[in-house]
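Okay, here's what each chain looks like letter by letter:
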Amino acid sequence: MNWLQRYPKEIQALLLASLINSTGSALMWPLTTMYVFGELGRSMQDAGLVILLQSLGGIAGQLVGGAMYHRIGVKKLLVGSLLINALSLFALPIVSAHWGLYMVTMLIVGFSNAMTLPAIQAFIGFRFASRRGEIFNTIYVGNNIGVALGTALSGPLAQLSFPLTFVLNGCTCLLFAVYFFVYLKRVDRAGELHVEAKTSKREQKALPLLKNTRVYLYMGIGALFLWLGNCIWNGGVSPAILSEGKPPSHYSILWTMNGVLIFALQPLISWMKRSFARKPESQMTAGSLFYLAGYLVILLFPQYGALVAAMFLATIGEILFQPAMPAFISERTSANAPFYLGVSGGIGQAGRVIGPYIMGILYDRGGLGPVAWLAVSAAILSCLFFVLNHRLQRSPKALTIE
C-alpha cells in the first residue's frame, strides 16, 4: 500500500484500524436475510422486519451519537459504543433461539454501530482540519477494501458456521474499541483531544442548531432520496437477475466490480475534483448526476450488460458523494459538526429504511421497470436538493457556524 506512505503514521494506523473494522462488519451484512430465513426458519417478512429494525436503530444511533459528542466526550462515546456493539454481536448466537431477544439485539447492533459514525467523522474533521477532505476520501476507499474482503469471506465462513461470523465481527469491533482507547488516551495526554474547543464554544442546545436548516436539511433530504434510489440494487436488480435464471454470482460480480472501481477510479475522481467539482457541495451534485445516469441506463436497457455499465456510473457517483458530505459539514459547522453529522446522517438513513419496502411492492407488481422509474425519480429529486444546497451556500448569508 504505497499510497499510505504519504500520510503520517498516526493517520496510517487509523486507516488500517478502520479497514480491519469494516472487514469484520462486512462479514455479517450479506448474511442477515440468509440467517433469518435459512437458519432460523423464519419468513422473508420476518427477515425484512429485522433489517428494518436495524436501520431504525441506525437512524437513532446517528442522532444520539452526534448529540452526545460534546456532552460525554469523544473517547467515552467511541469506545463505549464500540464495546456495546461488540457485546451485542457476541450475544447474537445465544439470543437467536428467542426471536424477540434476537430482534432487540439486532436493534442494538444497528444503534451502537451508527453511534460511532458521526463521532469518528467529527474527530477526523477536528484533528486533521487542513487535510480533512483528502482523509475522508482515503478512509472511504480503505473501508470499501475492507467491505470487499469481508463480503468475499462471508460466504465460506457462513458455510462453516453462521455464529462464527458474528463472533469474528465482534472481535474486530472489540479490537477497534481497544485501538481507539489507546489512541485517544495518548492524544488526551498530549492535550490535543479537544482541538475543536480552541476556536469555538463546545456546547449549544439542539433547538437553535436545528433552526439553521441551511446547513443540513436540504443536503440531508438529498441524501435521503439518493439512498432511496440506491435500493434498486437489492430491491430490483437482484430479483431481476435471479428471475431471468442467472446464478447469484452474476449479482455478486456487480458488487465485486464496485469494490474494485472505488480503488481503481481514484485518479479519475482526483481529476474531476480538480476540474469541475472542487467543493464538497459540487461533488454531491455531480455524484447525484452520475447516479441518475446509471439508473437511466437500467430503465432504458434492462439487460445484464447495461447493469454492468450502470454500476460503473453509480460507483463514480458514490465515490464523489460519500466523502463530500462529512467534509462539507466539518468545514461549515466548526465545533457543532458532530451534531450536524448525526442529524444529516439520520435524515439520509431514512431513505435506506423506506426504499426496500417501496421497491419490494413495486417489483411484485411490475418487475424491474417500475423500480427503475422510482430510482430515476429519486435521483432527480436528490440532484435538485443538492443544487438548492449549493445555491444556498453561495448566498452572502451562508456563514460558517461557530
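Residues numbered from 1 in each chain as written. Predicted model: local features only at pLDDT ≥ 70, side-chain atom pairs only at ≥ 80, totals over all residues. Heavy atoms only, no water.

A. Layout of the overall build of the protein. When helices and strands are tallied, the protein shows 17 helices and zero strands. Considering only intrachain contacts with a sequence separation of at least 6, the fraction spanning at least 24 residues in the protein is 83%. A total accessible area of about 17800 Å² is found for the protein, and carbon and sulfur atoms account for 66% of it. (Helix = DSSP H or I, 4+ residues; strand = E, 2+ residues; numbered from the N terminus. Contact = heavy atoms within 4.5 Å. Areas by Shrake-Rupley, 256 points an atom, 1.4 Å probe, with all protein chains shown as cover.)

B. Looking closely at empty space enclosed by the protein. One pass over the structure, following the stated rule, counts two cavities of 30 Å³ or more. Looking at the second largest cavity, its volume works out to about 40 Å³. Among the secondary structure elements, those contributing two or more residues to the lining of the second largest cavity are helix 11 (248–264) and helix 14 (304–321). Of the residues forming the lining of the second largest cavity, the biggest block, four residues, is contributed by helix 14. The class makeup of the residues in the lining of the second largest cavity is five nonpolar, three polar and one charged. (1 Å grid on protein atoms, 1.4 Å probe; cavity = no way out; pocket = protein on both sides within 12 Å on 5 of 7 lines; lining within 4 Å. Points joined across faces, edges and corners; volume = space filled by probe spheres on them. Nonpolar A, V, L, I, M, F, W, Y, C, P; charged D, E, K, R; others polar.)

C. Spotlight on the nonpolar core. By size, the foremost hydrophobic cluster in this structure holds 107 residues, and its most contacted members are Tyr102, Phe180, Ile232, Trp233, Val237, Leu254 and Ile298. Broken down by element, this core gets its largest block of residues, twelve residues, from helix 5 (residues 99–127). With residues up to four places along the chain from it excluded, the contact list for tyrosine 102 reads Thr32, Tyr35, Val36, Leu40, Val50, Leu92, Val95 and Ser96. (Core = buried A, V, L, I, M, F, W, Y, C linked by side-chain atoms within 4.5 Å. Buried < 20%, exposed > 50% of the residue type's maximum accessible area, 1.4 Å probe, protein only.)

D. Just the packing of helix 13 (residues 280–300) against helix 14, in detail. Contact geometry of helix 13 with helix 14 gives a least axis separation of 7 Å together with a crossing angle of 170 degrees. The angle between the axes of helix 13 and helix 14 places the two elements in the roughly antiparallel class. Here Gln283, Met284, Ala286, Gly287, Phe290, Tyr291, Ala293, Gly294, Val297 and Ile298 of helix 13 lie close against helix 14, whose contacting residues are Ala306, Leu307, Ala309, Ala310, Leu313, Ala314, Ile316, Gly317, Glu318, Leu320 and Phe321. Here the contact of helix 13 with helix 14 is composed, by residue class, of 16 nonpolar, four polar and one charged. (Axes fitted to C-alpha atoms, helices over the stretch in contact; angles between N-to-C directions. Parallel < 35°, antiparallel > 145°, perpendicular 65-115°, else oblique.)

E. A look at the packing of aromatic side chains. This structure, assessed with the given rule, holds 13 aromatic pairs. Considering the side-chain rings of tyrosine 179 and phenylalanine 180, the 5.2 Å spacing of their centres and the 65 degrees angle between planes classify their relative orientation as edge-to-face. In textbook terms, an aromatic cluster arises when at least three aromatic residues are bridged by ring pairs, as seen for Phe176, Tyr179, Phe180 and Tyr183. Sitting over the face of the ring of tryptophan 227, arginine 352 holds its NZ or CZ atom 4.1 Å from the ring centroid. (Phe/Tyr/Trp six-rings, centres within 6.5 Å; stacked < 30°, edge-to-face > 60°. Lys NZ or Arg CZ within 6 Å of the ring centre and 35° of its normal.)

F. Structural view of the environment of histidine 98. Tracing the chain through its elements places histidine 98 in the loop between helix 4 (74–95) and helix 5. Using a relative accessible area of 48% as the deciding quantity, one classes histidine 98 as partly exposed.

G. Quick look at the side chain of glutamine 283. Locating glutamine 283 in the fold gives a position in helix 13. For glutamine 283, the residues in contact, after removing those within four places along its chain, are Lys273, Ala277, Arg278, Leu320, Phe321 and Ala324.

H. View of a nonpolar patch on the surface. A contiguous nonpolar surface patch, about 410 Å² in accessible area, is contributed by Leu83, Leu174, Val178, Phe181 and Val182. A total of four residues in the nonpolar patch trace back to one element, the largest contributor, which is helix 7 (residues 162–189). Here valine 182 shows up in helix 7. Valine 182 sits in the exposed class, given a relative accessible area of 53%. (Patch = residues over 30% accessible without salt bridge, like charges linked within 9 Å, V, L, I, M, F, W, Y side chains within 5 Å. Salt bridge = Lys/Arg side-chain N within 4 Å of Asp/Glu carboxyl O.)

I. Quick peek at the environment of tyrosine 140. With respect to the helices and strands, the residue tyrosine 140 is situated in helix 6 (residues 132–160). Once residues lying within four places of it in the same chain are set aside, the contact partners of tyrosine 140 are Ile262, Glu318, Ile319, Gln322 and Pro323.

J. Fine view of the side chain of threonine 116. In this structure, threonine 116 sits in helix 5. Judged by its relative accessible area of 5%, threonine 116 is buried. Among all residues touching threonine 116, those that are not within four sequence positions of it are Leu78, Ser81 and Leu82.

K. Representation of the environment of asparagine 144 within the structure. Mapped onto the fold, asparagine 144 is located in helix 6. Along the chain, asparagine 144 and threonine 23 lie 121 residues apart, while their C-alpha atoms are 8.5 Å from each other. Setting aside residues no more than four positions away along its own chain, asparagine 144 makes contact with Asn258, Ile262 and Glu318.

L. Seen up close, the confidence of the model for the protein. Averaged over every residue, the pLDDT of the protein is 81; the share at 70 or more is 86%. Every residue in residues 197–202 scores below 50 in pLDDT, and together they form nine contacts with partners more than four places removed in sequence or on other chains. (pLDDT = per-residue confidence, 0-100.)

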